[in-house]
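Survey of secondary and tertiary structure
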Amino acid sequence: MTDKSSEPQVHKRVRVRLIPIWLRLVLLLVSVVICLIAGSVVGYGMLGGGNVGDIWKESTWTHIVDLVDKK
């Protein structure tokens, strides 16, 4: 017979998530959107010399797409 007290006790650690997975995904999506907006403001408005408010106009984005596609 084996004695249970002589066997090493294995304690399984239970991991408690402070931030649930769904909230992590939402935070990731929000941070990506914020980074895109900040990059547009810095790139077009400050470095490019354009008006910062122009990044919200459709004509600005069609002009950028035309430059990329070289139409």
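I will try to describe carefully the structure that is included in this document. (Residues numbered from 1 in each chain as written. Predicted model: local features only at pLDDT ≥ 70, side-chain atom pairs only at ≥ 80, totals over all residues. Heavy atoms only, no water.)

To continue, consider the overall build of the chain. On a plain count of helices and strands, the chain comes out with two helices and zero strands. Among the 71 residues that make up the chain, the fraction classed as buried is 8%. With the model as given, the accessible surface of the chain reaches about 6,900 Å², and the carbon-plus-sulfur share is 66%. (Helix = DSSP H or I, 4+ residues; strand = E, 2+ residues; numbered from the N terminus. Buried < 20%, exposed > 50% of the residue type's maximum accessible area, 1.4 Å probe, protein only. Areas by Shrake-Rupley, 256 points an atom, 1.4 Å probe, with all protein chains shown as cover.)

Turning our attention to a nonpolar patch on the surface. Judged by side-chain polarity, Ile-21, Leu-25, Leu-28, Val-32 and Leu-36 come together as a nonpolar surface patch covering roughly 490 Å² of accessible area. On the secondary structure map, Leu-36 appears in helix H1 (residues 21-47). (Patch = residues over 30% accessible without salt bridge, like charges linked within 9 Å, V, L, I, M, F, W, Y side chains within 5 Å. Salt bridge = Lys/Arg side-chain N within 4 Å of Asp/Glu carboxyl O.)

In this section: the side chain of Thr-60. Checked against the element boundaries, Thr-60 lands in helix H2 (residues 58-69). Looking at Thr-60, the relative accessible area reads 8%, which means it is buried. A distance of 2.7 Å separates a polar atom in the side chain of Thr-60 from the backbone oxygen of Asp-54. Those residues in contact with Thr-60, other than ones at most four positions away along the chain, are Tyr-44 and Asp-54. (Polar contact = N/O pair within 3.5 Å; in protein donor to acceptor, adjacent residues only side chain to side chain. Contact = heavy atoms within 4.5 Å.)

For the structure shown, the criterion picks out one salt bridge. Between Lys-57 and Asp-54 there is a salt bridge, and its shortest N-O distance comes to 3.2 Å.

Looking now at the side chain of Asp-54. Structurally, the position occupied by Asp-54 is in the loop between H1 and H2. Those residues in contact with Asp-54, other than ones at most four positions away along the chain, are Tyr-44 and Thr-60.

Before going further, it helps to examine H1. Helix length check: H1, at 27 residues, gives a terminal C-alpha distance of 37 Å against a target of 39 Å (1.5 Å per residue), a fit within 8%. Here H1 has its buried residues at Ser-40, Val-41 and Gly-45. If you follow the buried residues of H1, they end up packed against H2. (Expected span 1.5 Å × (residues − 1).)

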